Amino acid sequence: MTANSSGVTKRLLENLLKDQQRRADRERNMPYAQKLRIVDKLMADGELRVEDAKQ
């Protein structure tokens with residue numbers, strides 16, 4: 001037996017879009033210094049790739 005998944009897909013998309021908008025609003029309102037700290041931490045946590053080493 002199969003169920004119609006269009007309602008589930010529509011709700012999932014709506015939830016994903018709401019979450020994306022909420023994160024975008026939070027980031028937009030975040031102080032610039034805090035954004036820089038987050039980017040610095042992400043860069044420090046990331047592993048070195050071959051493309052990065054060439055520069």
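Residues numbered from 1 in each chain as written. Predicted model: local features only at pLDDT ≥ 70, side-chain atom pairs only at ≥ 80, totals over all residues. Heavy atoms only, no water.

**Remarks on the overall build of the protein**
Line of reasoning, step 1. A count of helices and strands for the protein gives three helices and zero strands.
Line of reasoning, step 2. Mapped from its N terminus to its C terminus, the protein presents α and β elements in the order α-α-α. (Helix = DSSP H or I, 4+ residues; strand = E, 2+ residues; numbered from the N terminus.)

**With respect to the pattern of salt bridges**
Line of reasoning, step 1. Evaluation of the coordinates by the stated rule reveals three salt bridges.
Line of reasoning, step 2. Between D19 and R22 there is a salt bridge; the shortest N-O distance is 2.2 Å. Pair noted here: D19 and R22 are both in helix 1 (residues 6–29), with a separation of three residues, about one helical turn.
Line of reasoning, step 3. Given a relative accessible area of 29%, D19 falls into the partly exposed group.
Line of reasoning, step 4. A salt bridge links D45 to K41, with the nearest nitrogen and oxygen atoms 2.7 Å apart. Linking D45 with K41, this pair stays in helix 2 (residues 32–45), spanning four residues, or about one helical turn. (Salt bridge = Lys/Arg side-chain N within 4 Å of Asp/Glu carboxyl O. Buried < 20%, exposed > 50% of the residue type's maximum accessible area, 1.4 Å probe, protein only.)

**Looking at the confidence of the model for the protein**
Line of reasoning, step 1. Of all residues in the protein, 80% have pLDDT values of 70 or greater, and the mean over the chain is 85.
Line of reasoning, step 2. Mean pLDDT across the elements of the protein ranges from a minimum in helix 3 (residues 50–53), with 62, to a maximum in helix 1, with 93. (pLDDT = per-residue confidence, 0-100.)

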